[in-house]
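These are the residues of each chain, in order.
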Amino acid sequence: MSSRTVIACLLGLMVAGCDKQSPAPEQAANTTSGEVSSGEVTSGEATTPATEAPKPAGAVDRSHKGEAAPTLGFTTLDGKPASLADFRGKPVLVNLWATWCGPCIAEMPTLAATADRLKGKIAVIAVAQDDATKVKPFLAGKTLGALPIYLDPKLTLSVHYKANLPTTILYGADGKEIWRVTGGFDWAGAEAGKLLAEA
């Protein structure tokens, strides 16, 4: 066998081995919404069933309307005991937050402005889900006006409410829940004004 014949046979085998079936260019470009390559984002809906869709940030939830405020305790920054019963007789807006929570920190100035504006009408309180060793240094140098800060380092309120932070709950003067908002919110905005008028 001549060397030319051997080379021709080897080239033929190499070409045959590399010729895998690949989709035509027009097929490759037309994938279905279920076919997603790594790192690709599609606008198709997820096919995984969910029991309940998560609420968007700032969502108002009225499903607990009429429920009594919990009797769970928390403390002042100085360690004195406190509870929501201390505010009975006037509406109270309770904000659950933490020093490590970005949306909590972002909404605090608007919460403080609301506390100043509503002083004497609605008590606005912020209950940190942290201990004093984290909260006091965090507050150093910040001006929060009439916004009192409380501590709940055992997370009793977060557990009771099954809350993601921030969560803010409005109670009427009778101690019954009116609504709650989960996620960051502009408490000095027009929408907040309408919601707070329900107290």
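Nothing here was measured: the structure is a model prediction, and the numbers come from that model.

I keep staring at the overall build of the protein chain and nothing clicks. Help me out?
Across its full length, the protein chain holds 6 helices and 8 strands. Along the protein chain, helices (α) and strands (β) appear in the sequence α-α-β-β-β-β-α-β-α-β-α-β-β-α when read from the amino end. Going through the 199 residues of the protein chain one by one, you find that 37% of them count as buried. A fraction of 69% describes how many contacts in the protein chain between residues 6 or more apart in sequence connect residues 24 or more apart.

What exactly am I supposed to notice about the state of the cysteines here?
Simply put, disulfide is the name for a covalent bond between the sulfur atoms of two cysteines. For the coordinates displayed, the defined rule picks out 1 disulfide. Shown here is the disulfide that connects cysteine 101 with cysteine 104, its sulfur atoms set 2.2 Å apart. As the torsion about the S-S bond is roughly 80 degrees, the cysteine 101-cysteine 104 disulfide counts as right-handed. There is no split in this pair, since cysteine 101 and cysteine 104 are both buried.

In this structure, what is going on with the packing of aromatic side chains? I would like to understand it.
The description of an aromatic ring pair rests on the distance of the ring centres and on the angle between the ring planes. Taken as a whole and assessed by the stated rule, the structure comprises 5 aromatic pairs. A ring pair is formed by phenylalanine 87 and tyrosine 150, whose centres lie 6.2 Å apart and whose planes are at 85 degrees; its orientation type is edge-to-face. Within this pair, whereas phenylalanine 87 is found in the loop between strand E3 (81–83) and strand E4 (92–97), its partner tyrosine 150 is found in strand E6 (residues 149–151), the two being separated by 63 residues in sequence. The exposure classification of phenylalanine 87 matches that of tyrosine 150, with both residues buried.

Even after reading the chapter, I still don't get the pairing of strand E2 (residues 73–76), so can you show me in this structure?
In regular strands, side chains alternate between the two faces of the sheet. By the bridge criterion, 3 bridges tie E2 to E3 in an arrangement that is antiparallel. By the bridge assignment for E3, glycine 73 is matched with serine 83. Two strands pair when backbone bridges link them, and E2 and E6 are joined in this way by 2 bridges, in the antiparallel orientation. In the sheet register, threonine 76 faces E6, and the bridge partner there is tyrosine 150.

Procedures and definitions
- Residues numbered from 1 in each chain as written.
- Predicted model: local features only at pLDDT ≥ 70, side-chain atom pairs only at ≥ 80, totals over all residues.
- Heavy atoms only, no water.
- Helix = DSSP H or I, 4+ residues; strand = E, 2+ residues; numbered from the N terminus.
- Buried < 20%, exposed > 50% of the residue type's maximum accessible area, 1.4 Å probe, protein only.
- Contact = heavy atoms within 4.5 Å.
- Disulfide = S-S within 2.5 Å.
- Phe/Tyr/Trp six-rings, centres within 6.5 Å; stacked < 30°, edge-to-face > 60°.
- Pairing = 2+ DSSP bridges.

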